[in-house]
Amino acid sequence: MSPWPFTPSQPRDYSLPNASWSSEMQRLYEHYNNLCEMETEGGEKIKGAWRRLPSYNRSLKYATGGQCLSKLLQGKARIFTRNIEEQGAGFEYVVFVNKQEKTCVCVFQAGHLLEGPPGHVHGGAIATIIDSVTGTHATYLSGPVMTANLTVNYRSPIPLGSVVLVHSSLDKTEGRKTFLSCQVTSTDGSKMHTEATGIACLCPLVWATSWDSDGQSSRCGDGSSYCSERTAEAKQSPWAVGVLFECILFLNDQFSKTFTSH
Ligand SMILES: CCCCCCCCCCCC(=O)SCCNC(=O)CCNC(=O)[C@H](O)C(C)(C)COP(=O)(O)OP(=O)(O)OC[C@H]1O[C@@H](n2cnc3c(N)ncnc32)[C@H](O)[C@@H]1OP(=O)(O)O
């Protein structure tokens with residue numbers, strides 16, 4: 001690993017198909033991926049309502065200023081759903097967001113390491129994928145968040161190795177809080193596996209700096225879509241504070257390493 005935190009790198013995008021994906025997983029990936037790009041009558045390709053979110057084994061890629069943060073913390077900040085080496089053994093998933101409807105869908109294939117009841121997915125693994133999807137969705141909508149609350153109702157077991165859809169929708173935002181609902185269903189929608197609601201809380205530092213002079217919130221998850229109408233100036237504020245905050249964390253870590261190695 002490079003000792004210099006700004007060194008450019010090409011991390012693996014875990015949301016792209018791999019050999020472990022079943023034909024059903026592949027089919028659904030292609031279905032939603034096709035909705036990301038539309039063709040006009042003139043044959044021109046234009047952006048659709050959906051967008052695939054790339055996914056890395058580092059967790060900060062989509063935070064406001066995340067491109068920079070993820071480089072600073074590339075050797076540190078890991079997200080455990082993306083750190084099981086064997087392809088197909090753990091969480092195989094891809095998340096798509098619908099900018100207009102403010103909804104999100106995840107195509108999820110559960111691998112053998114996620115077993116709970118014999119032949120079925122562990123409840124903690126189900127809560128994990130729900131937390132990951134709603135957390136990603138809230139981050140996309142509002143900026144870097146922590147899960148404050150997650151309430152899960154398990155309706156029917158999920159067979160190990162099967163593919164399910166995880167739907168997340170925005171209920172409301174209230175101050176720092178983003179309220180989301182989530183359903184895990186079979187891919188044809190006929191069976192409800194799990195229902196959940198959650199509250200994601202915008203990180204305090206970002207919240208404190210995300211107000212325009214006119215009192216309008218300028219939170220922007222990916223800085224490009226949900227808040228595209230907001231001012232560029234407003235977008236800079238949480239980005240800059242985020243980078244400053246992460247610089248402090250990075251320097252702190254370097255100092256810690258220096259002291260503990262002696
Ligand atoms: C970038 C990644 C991309 C990549 C995508 C990454 C996807 C993965 C996402 C994983 C997300 C996680 O697992 S995060 C890890 C699990 N979560 C945690 O560890 C969070 C631990 N809890 C905390 O750190 C804290 O409690 C916070 C940050 C949630 C809130 O603390 P705080 O900042 O001091 O704020 P506080 O005033 O207490 O609360 C703010 C508002 O939220 C309300 N509130 C707080 N807790 C609750 C609660 N349990 N249920 C209801 N409401 C609550 C309060 O009443 C208040 O409402 P009002 O008075 O304003 O009305």
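Residues numbered from 1 in each chain as written. Predicted model: local features only at pLDDT ≥ 70, side-chain atom pairs only at ≥ 80, totals over all residues. Heavy atoms only, no water.

Trainee: Run through the site of the ligand, naming residues and quoting values.
Mentor: Taken together, 17 residues lie around the ligand, and Asp 131, Thr 147, Ala 148, Arg 176 and Lys 177 are the ones closest in. A distance of 2.9 Å is found between a nitrogen atom of the ligand and a backbone nitrogen or oxygen belonging to Ala 148. Here an oxygen atom of the ligand and a side-chain polar atom of Arg 176 are 2.6 Å apart. With the chains in place, 52% of the 1200 Å² that the ligand exposes on its own is no longer accessible. Among the elements that make up the shell around the ligand, the one with the highest residue count is helix H3 (residues 123–142) (5 residues). Here the residues of the shell around the ligand sort into 7 nonpolar, 7 polar and 3 charged. (Near = heavy atom within 4 Å. Polar contact = N/O pair within 3.5 Å; in protein donor to acceptor, adjacent residues only side chain to side chain. Areas by Shrake-Rupley, 256 points an atom, 1.4 Å probe, with all protein chains shown as cover. Helix = DSSP H or I, 4+ residues; strand = E, 2+ residues; numbered from the N terminus. Nonpolar A, V, L, I, M, F, W, Y, C, P; charged D, E, K, R; others polar.)

Trainee: Describe the confidence of the model for the chain, naming the residues involved and giving the relevant values.
Mentor: Confidence in the prediction of the chain, expressed as mean pLDDT, is 79, and 67% of residues score 70 or more. Across residues 211–237, where pLDDT falls below 50, the model places 47 contacts with residues more than four positions away in sequence or in other chains. Of the regions scoring below 50 in pLDDT, residues 258–262 engages in 0 contacts with residues more than four places distant in sequence or in other chains. Interface confidence in the predicted complex, given as ipTM, is 0.95; pTM for the same model is 0.80. (pLDDT = per-residue confidence, 0-100. Contact = heavy atoms within 4.5 Å.)

Trainee: Tell me about the sheet that holds strand E6 (residues 145–154), and name the residues and values.
Mentor: Strand order in the open sheet formed by 7 strands is E3-E4-E5-E7-E8-E9-E6, with antiparallel pairing between adjacent strands. Lying at the two open borders of the sheet, with one neighbouring strand each, are strand E3 (50–53) and E6. When strand polarity is set aside, the average angle formed by the axes of neighbouring strands in this sheet is 25°. Together, E3, strand E4 (91–98), strand E5 (103–110) and strand E7 (163–174) form the strand contacts of helix H1 (residues 23–34), whose direction differs from that of E4 by roughly 20°. The strands touched by H3 within the sheet are E3, E4, E5, E6, E7, strand E8 (177–186) and strand E9 (192–202), with E6 carrying the most contacts at an inclination of about 135°. (Pairing = 2+ DSSP bridges. Axes fitted to C-alpha atoms, helices over the stretch in contact; angles between N-to-C directions.)

Trainee: Describe in detail the pattern of salt bridges, supporting the description with residues and values.
Mentor: By the definition in use, this model includes 6 salt bridges. Notably, a salt bridge pairs Glu 37 with Lys 45, separated by 4.0 Å at the nearest N-O pair. Owing to a relative accessible area of 46%, Glu 37 belongs among the partly exposed residues under this scheme. With a relative accessible area of 53%, Lys 45 lands in the exposed category. Members of the salt-bridge network, linked through shared partners, are Lys 172, Glu 174 and Lys 177. (Salt bridge = Lys/Arg side-chain N within 4 Å of Asp/Glu carboxyl O. Buried < 20%, exposed > 50% of the residue type's maximum accessible area, 1.4 Å probe, protein only.)

Trainee: Tell me what's going on with empty space enclosed by the protein, and back it up with residues and numbers.
Mentor: Going through the model one piece at a time under the given rule, you end up with 2 cavities of 30 Å³ or more. Roughly 100 Å³ of internal volume is contained in the largest cavity. Every residue lining the largest cavity is counted, 14 residues in all, and those nearest its centre are Tyr 14, Thr 81, Ile 84, Phe 91 and Glu 92. Each residue belonging to the lining of the largest cavity can be placed in one class, and the counts come to 3 nonpolar, 6 polar and 5 charged. Its boundaries defined by the atoms lining it, the second largest cavity holds a volume of some 50 Å³. Lining the second largest cavity are Asp 131, Thr 134, Gly 135, Thr 147, Asn 149, Leu 150, Leu 180, Gly 198, Ile 199 and Ala 200. Going through the elements one at a time, H3, E6 and E9 are the ones with two or more residues in the lining of the second largest cavity. Per-class residue counts for the lining of the second largest cavity are 4 nonpolar, 5 polar and 1 charged. (1 Å grid on protein atoms, 1.4 Å probe; cavity = no way out; pocket = protein on both sides within 12 Å on 5 of 7 lines; lining within 4 Å. Points joined across faces, edges and corners; volume = space filled by probe spheres on them.)

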